[in-house]
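Understanding the architecture of this molecule
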Amino acid sequence: MPEGIVRLVGAGPGNPGLLTIRAKELLESCHALVFDSLIHPAVLALVSPDCELIYVGKKSGGLTVHQETIQRTLVEKAKEGKEVVRLKGGDPFVFGRGGEEALFLRENGIAFEVVPGVTAASGAAAFSGTPLTQRKSNSTVVFVTGHEDPEKDTSMVDWKQLPKENSSLCIYMGVGNLSRIIGELLEADFDPNTPVVCVEWATLGRQRVCRSRLNMVVDDAKGFCLNSPAVIMVGGNATMGEKISWFEDQPLQGRRFVVTRSKGQASELSEMLERQGAEVLGLPLISISKHVDEETRTDVFAEIASYDWIVFSSPNGVRYFFDAFFETFDDIRSLGFLRIAAVGKATASEIKKYYVTTDLIPKEANAESLAEALVETESLDSSKVLIVTGNLGRDVLRSKLEEARAIVDRFEVYRTEPANLSDDPAAKELRSQGADAIIFTSSSGVKSFVDQAKDLALEEGANRPKTVSIGPITSATMSKSGMPTDFEAKEASLDSLVEVIKQEFGKASQ
Ligand code: SAH
């Protein structure tokens, strides 16, 4: 049996973009992932479908998995010959018990590697405009915990000895004990006027920043409802954010949107919203899997070169079609001289990945416009058209093309099924916190949302979301399902959708 290895990997403070390249490589290739709370769903989505996921964070009710158990799990999985990633928030060697785990692995003769991550203080500093050092005024940085092992009687932190001037104190795990900690600092003769900045959920769209002074921060934090996780930074530089904060200034920062997507797939829309500073909950409403009808496959591929057009109605269709195609053929030229149509830009860019150019993309990304654009080419009469689709593909396209006297074959290459939302982290967030808006980009997204509404019921106090639709077809489906459309994009495109979201929810609109 090959020998296993454990990688103690830092996931950074939350924002998936802050993951290191090494962490990403290891997540993509590991056989088992042992992870804590607060790991972003987009990071968890990097692992392969057959990777074993072992959650060792806080359970509901606040219970934690014992450190001993975690360590034993690591050893056990490595002994099975697995490549194990032990993923931790921030950096594994900063208040992360990474040191204990490394020691235990060494004692048990297990090979390991340590991959650093951006620690919360660095993330909070960067994303709140609070440099940790400053050439002329600030030359010492201290990372200190506000929460020590409750089993120890005496504190290991000597608050009196901490540097009082020209320094940045970064207090981790300090929210619960804030008034005691601040009391210690004041007693240790810290200037009551020392600036303090508390950064909650640093680096994420939901980041909030509370700026205060040492003698006022306990009240200010209470008024602000400061919650964990937060880093509390004490020192002269804590006022610099007033001049150089940048993250908070983004148009959608602090806003939370729900985007429907299919399981395991990144969403272009989420990225566009996150680039404007928003927090995005990606609800994996449906799971899409390759499902090629064998009989049709044989027929289609036997005469593939006789088609005049292939029409792709989604990026998934493209992917699963070419998968099947290359299982049968080993040369792209077996496609013949046909022309290719795609429903929209995202589908065309998926086609491009196979070094194939798309001949036709309609102005609007929907089946009706695609049919119209194809009819306008005046090439359909007696021509053979292959529509590549999933089990839920609408029949509009087929009937319109047949009206124009095309001979149409339908080739189903994937299947769409509802995903299980009861344990999904994004669905949990939505239920407990709500959101500013939920955004629908397709009729199938609306339908699956409605089908799964019982798993998405908001808890008391959650922020009730408005609804935003990408265009009239989606809005019509919403209205049929009894859902109002609060806002609709001017054109059925992602750019236009983001535009309307910025207009309605952006900082400039307030
Ligand atoms: N190993 C981690 C720290 C774990 S201790 C690291 O290097 O960052 C947990 C504490 O980290 C939290 O109580 C909080 O103080 C801090 N923390 C983690 N993620 C954070 C975030 N996104 N924003 C603010 N503080 C965070």
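Here, every reference points to the structure presented above.
Below you will find a few notes about this structure. No experiment lies behind these values; they were computed from the predicted model shown.

1. What about the side chain of Ser128?
Relative to the assigned elements, Ser128 resides in helix α5 (residues 120–128). There is a polar contact of 2.6 Å between the side chain of Ser128 and the backbone oxygen of Ala124.

2. Thoughts on empty space enclosed by the protein
A complete count under the given rule lists one cavity of 30 Å³ or more for this structure. Of the volumes computed, that of the largest cavity is approximately 50 Å³. The wall of the largest cavity is formed by Thr130, Pro131, Leu132, Asn138, Ser167, Ser168, Met233, Val234, Gly235, Gly236, Asn237 and Ala238. At the level of secondary structure, the elements contributing two or more residues to the lining of the largest cavity comprise β7 (167–172) and β10 (230–234).

3. As for the site of the ligand
In the vicinity of the ligand, 16 residues are found, and the nearest of them are Asp91, Val94, Thr119, Ala202 and Ala230. Contacts to the ligand include Thr119, whose side-chain N or O atom sits 2.6 Å from an oxygen atom. In the model, an oxygen atom of the ligand is placed 2.7 Å from a nitrogen or oxygen of the Ala230 main chain. The fraction of the free accessible surface of the ligand (540 Å²) that becomes covered by protein chains is 89%. Here the shell around the ligand is built from residues that sort into twelve nonpolar, three polar and one charged. Residue contributions to the shell around the ligand reach at least three from each of two domains, namely domain 1 (5–118) and domain 2 (122–249).

4. A look at the side chain of Thr130
Relative to the helices and strands, Thr130 is located in the loop between α5 and β6 (140–145). Within polar-contact distance, the side chain of Thr130 engages the side chain of Ser128 at 2.7 Å. If we skip the residues at most four places from it in the chain, Thr130 touches Ala125, Val197, Met233, Asn237 and Ala238.

5. Here's the deal with the sheet that holds strand β8 (residues 195–200)
The strand order across the open sheet built from five strands is β6-β7-β10-β8-β9, with neighbouring strands paired in mixed fashion. If you trace the sheet from one side to the other, it starts and ends with β6 and β9 (208–213), each paired once. Put simply, the sheet's adjacent strands are angled 20° from each other on average, direction ignored. With six bridges joining them, β6 and β7 adopt parallel strand pairing. Along β7, the bridge assignment pairs Phe143 with Cys170. Strands in contact with helix α7 (residues 217–224) are β8 and β9; relative to β9, the strand with the most contacts, it is inclined by about 155°.

Criteria and cut-off values
- Residues numbered from 1 in each chain as written.
- Predicted model: local features only at pLDDT ≥ 70, side-chain atom pairs only at ≥ 80, totals over all residues.
- Heavy atoms only, no water.
- Helix = DSSP H or I, 4+ residues; strand = E, 2+ residues; numbered from the N terminus.
- Polar contact = N/O pair within 3.5 Å; in protein donor to acceptor, adjacent residues only side chain to side chain.
- 1 Å grid on protein atoms, 1.4 Å probe; cavity = no way out; pocket = protein on both sides within 12 Å on 5 of 7 lines; lining within 4 Å.
- Points joined across faces, edges and corners; volume = space filled by probe spheres on them.
- Near = heavy atom within 4 Å.
- Areas by Shrake-Rupley, 256 points an atom, 1.4 Å probe, with all protein chains shown as cover.
- Nonpolar A, V, L, I, M, F, W, Y, C, P; charged D, E, K, R; others polar.
- Domains from an automatic or database assignment.
- Contact = heavy atoms within 4.5 Å.
- Pairing = 2+ DSSP bridges.
- Axes fitted to C-alpha atoms, helices over the stretch in contact; angles between N-to-C directions.

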